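# Descriptive structure summary
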Amino acid sequence: MNDHSDIAESYHYQVIARALDQIDAAQAAGELLTLEAISARLSMSPAHFQRLFSAWVGVSPKRYQQYLTLDFVRELLSQRLPLDEVADRAGLSGTGRLHDLVLRWEAMTPGAFARGGEGVAIRWGRFDSPFGPVIAMGTDQGLCGMGFTAEMGEQEAFADLARRWPDARFTEDPEPLRPWVEAAFSRHGEAKLTLIGAPFQIKVWEALLSIPSGQVTTYSDIAEAIGNPKAVRAVGTAVGRNPISFLIPCHRALRKSGGLGGYHWGLGVKRAILGWEGARAEAD
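Residues numbered from 1 in each chain as written. Predicted model: local features only at pLDDT ≥ 70, side-chain atom pairs only at ≥ 80, totals over all residues. Heavy atoms only, no water.

This brings us to the overall build of the protein. Check the secondary structure of the protein and you find 12 helices and nine strands. Counting the 284 residues in the protein, one finds 50% classified as buried. Long-range contacts, defined as pairs at least 24 residues apart, comprise 67% of the intrachain contacts of the protein with a sequence gap of at least 6. Of the roughly 13000 Å² of accessible surface on the protein, 50% is carried by carbon and sulfur atoms. (Helix = DSSP H or I, 4+ residues; strand = E, 2+ residues; numbered from the N terminus. Buried < 20%, exposed > 50% of the residue type's maximum accessible area, 1.4 Å probe, protein only. Contact = heavy atoms within 4.5 Å. Areas by Shrake-Rupley, 256 points an atom, 1.4 Å probe, with all protein chains shown as cover.)

What follows is the structure, encoded as structure tokens:
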């Protein structure tokens, strides 16, 4: 990417991030912002903002806000993709496709997890995303952690991820991770993942990886899919412990009622991601 493109992408990100903050705050208050209201808050003309927002998200600001409503989430839930086929998958490796993004993952051995990541070298770095700044971590095999920092702060987000593998060696070195992170949020290219967790957690995370963008499922469906229908509470815990936000899409796991439930990195982020994915699915 050339310098001019980098500057444009950075500018677009800053504008959209501010717009998402305004939209999310309005949604929390039960309001629907007009195009004029949002653009005025961003000190932009309505026409310029509409073009920029539509190019970034894929739909108009008004349509995007509709994707953040509870009615939309319930509609998604009623149309969710059954996960019973997931139980038939063999092994813990596979290839998934998300539009033009190819995900490849492999699981670290249970022994390595049990040893707290002892002997594992993990690089980390700071990156931008459509949903605010992120901390990303990875091994030579792929990303093993990614967390949004807007709500809990960068230091706490880093500590939250790092304490999962307390005996690993952490080095700030973002460049080897950049292609995977950029592929994740641009939806183009290949992102590799390393799943570092207990065997039960990895089963749950692999089930999450089978949920297409723009669709959702429930904790109980995931429990059925992994062959343990009574383990709904344990599934919820494993979903909450997912270290690779966005790419392992724990944001697509909802309550049966259609309620969003919680989200480790902030409920506002979860709502924004679901709306963004719904908009992109429609645009495609």
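This next bit is on the packing of helix H9 (residues 199-209) against helix H11 (residues 232-240). Running from N to C, H9 and H11 point in directions that differ by 75°, and their axes come no closer than 9 Å. Here H11 runs roughly perpendicular to H9, going by the angle between their axes. In contact with Phe 200, Gln 201, Val 204, Trp 205 and Leu 208 of H9, H11 contributes Ala 234, Val 235, Ala 238 and Val 239. When its residues are assigned to classes, the contact of H9 with H11 shows eight nonpolar, one polar and no charged. (Axes fitted to C-alpha atoms, helices over the stretch in contact; angles between N-to-C directions. Parallel < 35°, antiparallel > 145°, perpendicular 65-115°, else oblique. Nonpolar A, V, L, I, M, F, W, Y, C, P; charged D, E, K, R; others polar.)

The subject of this paragraph is unusual backbone geometry. Unusually for a residue other than glycine, Ser 43 sits at a positive phi of about 60°. Here Ser 43 lies in the loop between helix H2 (35-41) and helix H3 (46-57).

Our next topic: the nonpolar core. Ranked by internal contacts, the top residues of the largest apolar core, which has 76 residues, are Phe 131, Phe 148 and Leu 247. Those residues in contact with Phe 131 that lie beyond four places of it in its chain are Leu 20, Phe 148, Phe 185, Phe 246, Val 269, Ala 272, Ile 273 and Trp 276. (Core = buried A, V, L, I, M, F, W, Y, C linked by side-chain atoms within 4.5 Å.)

Of all seven residues in strand E5 (residues 142-148), seven are buried; the element is thus mostly enclosed. In this structure, strand E4 (residues 134-139) lies alongside E5, joined through six bridges in antiparallel fashion. Residue Met 137 lies in a different strand from E5, and its bridge partner there is Gly 145. Joining the antiparallel neighbours E4 and E5 is a turn of two residues. (Pairing = 2+ DSSP bridges.)

With that settled, consider the environment of Glu 172. Note on placement: Glu 172 falls in strand E6 (residues 169-172). Linking Glu 172 and Gly 125, residues 47 residues apart in sequence, is a C-alpha distance of 5.8 Å. Residues contacting Glu 172, with those up to four places away along its chain left out, are Trp 124 and Arg 126. One polar contact links Glu 172 to Arg 126, side chain to side chain, over a distance of 2.7 Å. (Polar contact = N/O pair within 3.5 Å; in protein donor to acceptor, adjacent residues only side chain to side chain.)

With that settled, consider the confidence of the model for the protein. Taken over all residues, the pLDDT of the protein has a mean of 79, while the share at 70 or more is 78%. Note on residues 1-10: pLDDT is under 50 here. Beyond four places in sequence and across chains, it has three contacts. Low pLDDT, under 50, characterises residues 83-99; the stretch is placed with 40 contacts to residues that sit more than four places away or in other chains. (pLDDT = per-residue confidence, 0-100.)

This paragraph deals with the pattern of salt bridges. For the coordinates displayed, the defined rule picks out nine salt bridges. The closest approach of N and O atoms between Glu 154 and Arg 126, which form a salt bridge, is 2.7 Å. Taken together, the residues span a long stretch of sequence, with Glu 154 in helix H7 (residues 154-162) and Arg 126 in strand E3 (residues 121-127) at a distance of 28 residues. Its relative accessible area of 35% is what places Glu 154 among the partly exposed residues. (Salt bridge = Lys/Arg side-chain N within 4 Å of Asp/Glu carboxyl O.)

Bringing the packing of aromatic side chains into the picture now. Evaluated as defined, the whole model comprises seven aromatic pairs. Summarising the aromatic geometry, the rings of Phe 49 and Phe 53 are spaced 5.5 Å apart at their centres and angled 50° between planes, so their arrangement reads as tilted. On the criterion of helical spacing, the pair formed by Phe 49 and Phe 53 is a turn pair, its members being four residues apart in helix H3. When the centroid spacing of 4.8 Å and the interplanar angle of 25° are considered together, the rings of Phe 185 and Phe 246 count as stacked. Placement of the pair is Phe 185 in helix H8 (residues 178-186) and Phe 246 in the loop between H11 and strand E9 (253-254), with a sequence separation of 61 residues. Ring pairs connect the aromatic residues Phe 131, Phe 148, Phe 185 and Phe 246, which therefore count as one cluster. (Phe/Tyr/Trp six-rings, centres within 6.5 Å; stacked < 30°, edge-to-face > 60°.)

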